[in-house]
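The chain contents come next:
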Amino acid sequence: MRIFKKISLLIVVLLALSIIGGFVYYNNLKPTYSGNVSLSGISNETSVYFDDYGVPHIYAENELDAVTALGYVHAQDRLWQMELMRRIAPGKLSEIFGEKMLKNDQFFVSLGIEETSKKSIENLDKNGDVYKLAIAYLNGINQFIDNGPTPIEFTLIGIEKEHYQLNDMFNILGYMSFSFAMAQKTDPLLSVLKEKLGDTYLKELGIDINPNTVLIKNANPAIESYVTMVSTVTEIMKNAPTPPFIGSNSWVVSAKKTATGNVLFANDPHIGFSQPAVWYEAHISTPNYELYGYHLAGVPFPLLGHNRNYAYGLTMFENDDIDFYKEENHPTDNNKYKTPSGYEDYKSVTKTIKVKDAEDVIVTIRNTRHGPIMNDVVDAISQTDPIAMSWIFTQIEGKTLDALHTISRATKMSDVKKGASMIHAPGLNIMYGDAKGNVAWWAAGKLYKHKPHVNTKFILDGASGEDDPTEYLDFNLNPMAENPSWNYVYSANNQPDTIANILYPGYYLSEDRAKRITQLLAPKNNWNKETMAEMITDVTSSVSPSVIKEFVSNIDFNSFNKNEQRAIDILQLWDGSNTVDAVAPTIYNKLIYTYLKNTFEDELGEELFTQFLSTHLSKRAIANQIKKNTSIWWDDIATSSKIETKKDILSKSLVETVTSLENQLGNDITTWNWGKVHTLEHQHPLGTVDALKNYFNVGPFPINGASEVINNRGYEYNKSGLYNVTAGPSTRRIIDFSDIENSISILPTGQSGNPFSEHYKDQAEMYNKGEFRKMKMNKEEIISVSTKLTIQPKDE
């Protein structure tokens, strides 16, 4: 009996010790939001107040101290995210995730981002503020790496922490730049369609074919390889463990259109959802500088920001800054390629990719005067003629970090414009408003011209030089608007007007969001913060009802069964609003998919049709194609005995839509609510493991919104009838210059990327409901709701 008691006591003690040990370990991993810490590189005591949503408000005597503190607190909340971000461009994801990320690594090491980063660092003024502040930020990160707890993700995967370097910062900006592009999805696809189907089909898609364009003739194997090239790049971007940038809304309303007589600024960049979310908010205040900013992991200068004097934000320009060139090898020496001045040697670079639990992979990338040869990193095109990718980011030295510093330290509107002019890639719309009443936007990006015969939406001739750019445009020829007479500026990734006698080539989105924004902004002259908050969460499509009207006018109502007629009635009464309880969005989205499938898949084939759906072409086709009473696309080429009409295709699509939804959701059409099929889950890279999913992922939630409404949601169209949201507003910000201290914002999940933090997901429910919280700038208010971390200079 005594032995049993001793054993029982021992078990209880061990269990208690395990619980205590687990509790200590758990608390040790949490971010430190209060107390004292000593850091080297700090010259004066610095106070960091973490408010009720975990946003740090950094009060320092100088900028170097403030940015050192920023690096430290940014790392304690987002070190895992920083680790992922810095691994993408140099191809180091396979080192921690294994062979499943090898395609990503092979592709990204080929792009030349590392080499471009090296050149940019060499050209940095080592005595300038940009360099000094960047080093201070890295100093803060690295001191957390040395002295702070190791994030649990590092422990679970089994990787060591390593110091951050300046090249990591530049590589992150390079990845960001590439993630904005659409050409890598679209150009090879259009080249395939041109060769497979001919000009007529492309013209019906709104793709202009200049009769003088000399298009490269391709053999069938080359065409098939281009198909695979598109799918490979699409898969790579889809599988990236950090989200790509996909679009955005922003509008700035002048004092003449507001109730207060002050500028109102709104911005919601659309980015792939992930956990942690993209932006890290931080408010810095020194005697000579103040800014409330939104930071990318590993970057010291915010991409979005505001203070008491001005606000800035961004959307994606969607201009074409990537061209593909078909090169021509020497007839007897494959180490040489043809140029306008004769044959030149490929410049080769060899890189080693470390792969977890596998042998290292050696990659040799050949480069031409245009850029890297894609055949070397995309297996499917290795046996075809070499295809080079020319990307403006690596062709012309940009000064993105300098630009972000210039914009975030502006004292007047012209400073922000100057910063915008320094960005060559990615293409951005820099949005601006200030306390003096100015509103503006500038398209940032190095634009260029070709000869009239060149269509950059196709793979071009690399050998002759005839398809090379002929002129790089000065920034003053970029699209822009400063204090326009209509008293507002906006951007929704739509086609801008020209001021250089050309329409800028690009991959612009359909008019849906732009039309709705102007529809709401133009007639109203008493905007305030509350009405702007309603607008930025608007879920109504201005285009969908017109699509339905066209649809219904071309079918015979009496030819359908009762449930099909009920579906038609619901769609006809629909105002275009996409709320979780509504039935019409469920029917509409399924109908759009079946209409696109029945219209385009017979000509494209299943694989090309899937790729078509991943481009902006398909979004533009929804409203454009349905307006055409006659079109070569309407005929189903699989039925040789009949030529289908628009009515045939639309009628068939409605029947298939209702049948599919009955099988999926039951016969009672009133239960086909949008929230059942339209859901959002913020996925952490470790959330793909079932045992870890509930600890790291946030959601899933039924969610309002839809594709190409202001409250934009990104999802795939496929036969499943499920619309798993993968992208949308990465923040919603409204800056009110009549009441700057009560400007509002929200993040999709939370400020912290640490799953043990109370701020890991404390904004998720608010975000889903379209609610907001303050971006606090009043020090007394901040102190009243905050915990305080005091950073002291470290005795050296």
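Residues numbered from 1 in each chain as written. Predicted model: local features only at pLDDT ≥ 70, side-chain atom pairs only at ≥ 80, totals over all residues. Heavy atoms only, no water.

Chemist: I'd love a proper account of the overall build of the chain, names of residues and values included.
Modeler: Assigned secondary structure in the chain consists of 26 helices and 30 strands. For the chain, the residues scored as buried account for 61% of the 796 residues in total. Long-range pairs, those at least 24 residues apart, make up 71% of the contacts in the chain with a sequence separation of at least 6. Carbon and sulfur atoms provide 50% of the accessible area of the chain, an area that totals close to 31300 Å². (Helix = DSSP H or I, 4+ residues; strand = E, 2+ residues; numbered from the N terminus. Buried < 20%, exposed > 50% of the residue type's maximum accessible area, 1.4 Å probe, protein only. Contact = heavy atoms within 4.5 Å. Areas by Shrake-Rupley, 256 points an atom, 1.4 Å probe, with all protein chains shown as cover.)

Chemist: How would you summarise the nonpolar core if you had to cite specific residues and measurements?
Modeler: Membership of the largest hydrophobic core comes to 139 residues, with the highest contact counts inside it found for L79, L111, I141, W279, W391, L401 and W442. The biggest single contributor to this core is helix α2 (residues 63–88), with 13 residues. Those residues in contact with W442 that sit more than four places away from it in its chain are M413, V416, K417, A420, L428, N429, I430, Y432, F475, P479, M480 and E482. Of all hydrophobic cores here, the second largest spans 55 residues; its members include F551, F600, A623 and I649. (Core = buried A, V, L, I, M, F, W, Y, C linked by side-chain atoms within 4.5 Å.)

Chemist: Describe in detail the pairing of strand β15 (residues 387–391), supporting the description with residues and values.
Modeler: β15 sits mainly inside the fold: five of its five residues count as buried. Side chains I387, M389 and W391 project from β15 onto one buried face, and the interleaved A388 and S390 project onto a second face that is buried too. In this sheet, β15 lies alongside strand β10 (residues 322–326) in antiparallel orientation, the contact comprising five bridges. Paired with I322 across the bridge in β15 is W391. (Pairing = 2+ DSSP bridges.)

Chemist: Tell me about the pairing of strand β16 (residues 428–434), and name the residues and values.
Modeler: Burial of β16 is extensive: seven of the seven residues sit out of reach of the surface. Here β16 shows two buried faces, one formed by L428, I430, Y432 and D434 and the other by N429, M431 and G433. Pairing of strand β9 (residues 310–316) with β16, which is carried by seven bridges, proceeds in the antiparallel orientation. Paired with G313 across the strands is M431, a residue of β16.

Chemist: Tell me about the environment of N578, and name the residues and values.
Modeler: Note on placement: N578 falls in the loop between α18 (562–572) and α19 (584–604). With 129 residues separating them in the primary sequence, N578 and S707 have C-alpha atoms 9.6 Å apart. Leave out the neighbours within four places in its chain, and N578 touches V539, S541, P585, W674, N704, G705, A706 and V709. A polar contact is formed between the side chain of N578 and the backbone oxygen of G576, at a distance of 3.0 Å. (Polar contact = N/O pair within 3.5 Å; in protein donor to acceptor, adjacent residues only side chain to side chain.)

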